[in-house]
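Notes for the structure review
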Amino acid sequence: MKSLRPKISLEGFWKFKLDPNEIGEKEKWFSSFPKDSDFIYVPAAYNEQNPEWDQYEGCMWYWREFYVPKEFMGKKAWIVFEGAGYIAKVWLNGGYLGEHECIFTKFSFDATPYIRYGEVNSIAVEIVNRVKPDSIPPGEGLNYTYYDFFPYGGIIRPVYIEFLNENYIDDITVFTDDKGLLKIKIDAVCKEHCNARIRLVDKENREVYSTEAPIVNGKVETEATIHDVVTWSPENPYLYTLWVELIANNSVSDVVYERIGFRKFEVRNNKLYLNGREVFLKGFGGRHEDFPVFGRLLPGPVLVRDFHLMKKVNANSFRTAHYPYSESHLDLADELGFLVILEAPLVGLNQKHFASRDYLEKAKKVIYEMIKQHKNRPSVVIYSIANEPDSTVEEAKQFFSELKEYVKSLDSTRPVIHTSHKHLQDVAMDIDDIIALNIYYGWYQLSGDIEAGVKKAIELVEEIHRKYPDKPIIITEFGAEGVRGFHSDPPVAWTEEYQAKFLKRYIEEMSKIPYVRGLHIWVFADFRTTQGNRGPRRPG
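None of these values were measured; they are calculated from a predicted model. Numbering of residues starts from 1 in every chain and runs along the sequence as written. Per-residue local features are limited, in this predicted model, to residues with pLDDT of at least 70; the limit for side-chain atom pairs, both in listing and counting, is 80 or more; totals at the level of whole chains, interfaces and linings are taken over all residues. Computation of side-chain values: all heavy atoms of the structure, hydrogens and water removed.

The next point concerns helix α2 (residues 327-336). Among the residues of α2, E327, H329, L330, L332, A333 and D334 are the ones counted as buried. We call two residues contacting when some pair of their heavy atoms lies within 4.5 Å. To qualify as a helix, a DSSP run of H or I must reach at least 4 residues; to qualify as a strand, a run of E must reach at least 2; elements of each kind are numbered from the N terminus. In this fold, the buried residues of α2 make contact with β1 (2-3), α1 (300-312), β25 (317-319), β26 (339-343) and α4 (357-374). Once α2 finishes, G337 follows within two positions and takes phi at roughly 85°, a positive value. Throughout, exposure labels follow a simple rule: accessible area from a 1.4 Å probe, protein chains only, divided by the maximum for the residue type, with under 20% read as buried, over 50% as exposed, and the rest as partly exposed.

So, on to the nonpolar core. The term nonpolar core refers to a set of buried residues drawn from Ala, Val, Leu, Ile, Met, Phe, Trp, Tyr and Cys, joined through side-chain atoms within 4.5 Å. Judged by nonpolar contacts, the single largest core of 88 residues is most densely connected at L346, F400 and V461. In this structure L346 touches I136, Y359, A363, I367, I385, A386, N387 and L403, once residues within four positions along its chain are discounted. Counting 34 residues, the second-largest nonpolar core is a separate cluster that includes I8, L97, F107 and A111.

At least two bridges found by DSSP between two strands are what make those strands a pair. With antiparallel pairing, three strands are arranged side by side in an open sheet as β21-β22-β23. One side of each edge strand has no neighbouring strand; the edge strands of this open sheet are β21 (265-268) and β23 (277-278). Looking at chain direction, strand β22 (residues 271-274) and β23 are connected through two bridges and run antiparallel. Across the sheet, residue Y273 finds its bridge partner in β23, namely E278.

Whenever Lys or Arg places a side-chain nitrogen within 4 Å of a carboxyl oxygen from Asp or Glu, that contact is recorded as a salt bridge. Under the counting rule described, the total for this entry stands at 48 salt bridges. Put simply, D36 and K17 hold a salt bridge, and the shortest N to O gap is 3.2 Å. Pair noted here: D36 is in the loop between β3 (12-18) and β4 (38-42) and K17 is in strand β3, with a separation of 19 residues, a long-range link. Here R259 and E335 are joined by a salt bridge, their closest N and O atoms 3.0 Å apart. Of this pair, R259 sits in strand β20 (residues 251-260) while E335 sits in helix α2, and the two are 76 residues apart along the sequence. With relative accessibility at 26%, the residue R259 sits in the partly exposed group. Note on E335: relative accessible area 34%, which makes it partly exposed.

Moving on, we get to the layout of surface pockets. Quantified by volume, the second largest pocket comes out at close to 910 Å³. When contributions to the lining of the second largest pocket are tallied by element, the ones reaching two or more residues are β1, β6 (76-81), β10 (107-110), β13 (159-164), β14 (168-176), β20, α2 and α4. As a working rule, the residues Ala, Val, Leu, Ile, Met, Phe, Trp, Tyr, Cys and Pro are called nonpolar, Asp, Glu, Lys and Arg charged, and the rest polar, with Gly in that last group. Split into classes, the residues belonging to the lining of the second largest pocket amount to 11 nonpolar, five polar and 17 charged. Buriedness for pockets is judged along seven lines, at least five of which must meet protein on both sides within 12 Å for an open set on the 1 Å grid over protein atoms alone, while cavities are sets there where a 1.4 Å probe fits but cannot get out, and lining residues have an atom within 4 Å of a point. Grid points are joined across faces, edges and corners, and a volume is the space filled by probe spheres set on the points.

Looking now at the sheet that holds β4. Ordered in space as β4-β3-β5-β11-β8-β9, the six strands form an open sheet in which the pairing is antiparallel. Looking at the sheet topology across the chains shown, the edges are occupied by β4 and β9 (95-101). Ignoring strand direction, the axes of neighbouring strands in this sheet form an average angle of 25°. In this sheet, strand β11 (residues 119-129) lies alongside strand β5 (residues 58-68) in antiparallel orientation, the contact comprising 11 bridges. Between the N-to-C directions of two axes lies an angle of 0 to 180 degrees, each axis being a line fitted to C-alpha atoms and, for a helix, fitted only over the stretch in contact.

Moving on to the pairing of strand β28 (residues 416-420). Among the five residues in β28, five count as buried, and that is most of the element. Alternating positions in β28 separate into two faces, V416, H418 and S420 on one and I417 and T419 on the other, with burial throughout. Examined bridge by bridge, strand β27 (residues 380-387) and β28 share three bridges and lie parallel to one another. Of the residues in β28, the one forming a bridge with S384 is I417. Where β28 and strand β29 (residues 435-438) come together, two bridges link them in parallel fashion. Note on β29: the bridge partner recorded for S420 is L437.

We now examine α4. One fewer than the residue count of a helix, multiplied by 1.5 Å, yields its expected span. With 18 residues, α4 should reach 26 Å at 1.5 Å per residue; the first-to-last C-alpha distance of 26 Å fits that figure. Residues of α4 that are buried: Y359, L360, K362, A363, K364, V366, I367, E369, M370, I371, Q373 and H374. The elements touched by buried residues of α4 are β9, α2, β26, α3 (351-354), β27 and α5 (394-410). Backbone nitrogen of D358 and a side-chain oxygen of the N-cap are separated by 3.4 Å at the start of α4; the cap is S356. As used in this structure description, the phrase polar contact means that two N or O atoms lie within 3.5 Å; if the pair is within protein, one of them must be able to donate a hydrogen and the other to accept it, and residues adjacent in sequence are counted only when both atoms belong to side chains.

In short, geometric facts, not functional conclusions.
Set out below in C-alpha cells:
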C-alpha cells in the first residue's frame, strides 16, 4: 500500500558506532550518542562501507537528527523501516519505540508520544547482526551460515517518518481476475464516522469505476465487475491505479493507492495458466540483492539495467531467492511484467527447526509480514515458503503442512511451494501445489560430463512425475559456475564454454517435457557468499 501522506526521509549520513561489549543501552546512547562515532550512509548494509566493519558480527548503533515542521502538529507520526536488522531496536528523543526481528520485511512504530513538532528530533537505532541457529535464516556465525549468501546487516532499505491524521487507512487487500472482477477489503482506524471513497483509473487516468461506502467496525468490503478490462501479463503489463480516500467530517483524512493488474494465475492439468492461456516460466532462480559497497541493496539504476537485461534474453519470471525483495525491486516487476515467485527467508532449515514450536511461530510472523506487504502485486503469482530444507525427516511434513495452511489462511489465491534439493527423499513435496526442484547434475554431481548430467536430470524429473502425476514441475535452479575469461575447447568445468553448454543442453531437453512448466537459471548475477564452513572456492 502506497500513500500521499507527508513524509520525512531519513536517507543520508548517520552517526555510527560499533558496540562489541553491548554497553550502549546501559550508557544510554539513545539519549546522548558518543562523540567518537563514525559516519555511515543509509540505506545500505554496514559491512562494506568500511573494511574494518566487514567481518563484524554483533551490536552496533545508528544515530541522527532531523527537523519536524510545526505544520505537522496534531498528526500521528509513524517511523517506517522497509528493511533493517537482523534485530533492530528504535528510540526517538530517548523514548523507546520497539523491537523487530528480520531484516527483509517492513515494520513501523508509533512515534507520536515522543515526536517534537517545530523542533530538532533525534533517532537512535540499535542493530544486532548476529547469525544464530534460531535466526531467520539460521546459522552459527557470520561465516558459518546454513545458507549460501552473505548475511549483510544494518539499515538496508529506506527509512522515513510518515504523518497521519487521527482517522487513517491501515490496510487494503485487492483481489482481481482476468474477467474484470474487483474485490476490495479496507481496514481503517476511525475515531468518528468515516466513509471510504474508491476510484479506479486506467493508464490514461480515466475513471473506470468509483463507489463510496461507510466504514463499519473498522472495515468495509466492496465488489464490482469492471467491463472491457485490459488484463495484466508479461506481454502487456497493464496497470490500473486504485485510489482509496478516507472521508471524515466531509473532508479527506487519508489517501492511499495501489498499482493493480487484472489477471488470473492457475494450476491445473499439469500446467500453469495466466488469464486462461498456458504460460511457461522462463528466467532466473535468483537475483540476489547484492551490490559492491551497498551490500544488500540494489541502487535504482542497477535495477533498471538488470530488468532491461532480463527482457533482452526473453525472461518473463524470477524467484526472490532467498528472501522477499525490496519495494522498488518488485514495483519494477509489476510495471515491466515479470511473474515472481515470492520466497520467504526460510533457508537451510533442519530437524531442530521442524521440531521447534517457537521457530514455527517466528516463521509465521515473517511470512505474515511478507504477504501483507506484497499481497496486492500482480507480479507475485507463487509463494515459496522455504528453500532447500532438510525435508527428509517426518517432522518436516508437519512443519510445512502447518506453514502452508497458515499461508492459505492469509491468501488463498496463490499456489504454495518449497524448493527442494532432496528430491525423491523429500517427505514434504506432496504438500506443495507445484513441484519445485533445484537440480545440478553435471555440476555438483557428475561434474565435467554435461550429457550424463542432463540424462540423470531427466530421469529424476520423470521419476518425480510418476510419484506426483497431477502436479506441474518447475526447475527452480539449474546451472554451472564459470570464470569470466576462462576458455577451453572442448569445454571443461569452470570455463565460459562449459557454463553456456550446460545451460543450453538443460533448456533444450527440459523444454521437451510437457509437465515441466518453468526453467529458472541459477543465477542472474554474481553475489557474495560466506568464507567459513563451505570453504574458499573459485569466484563464479
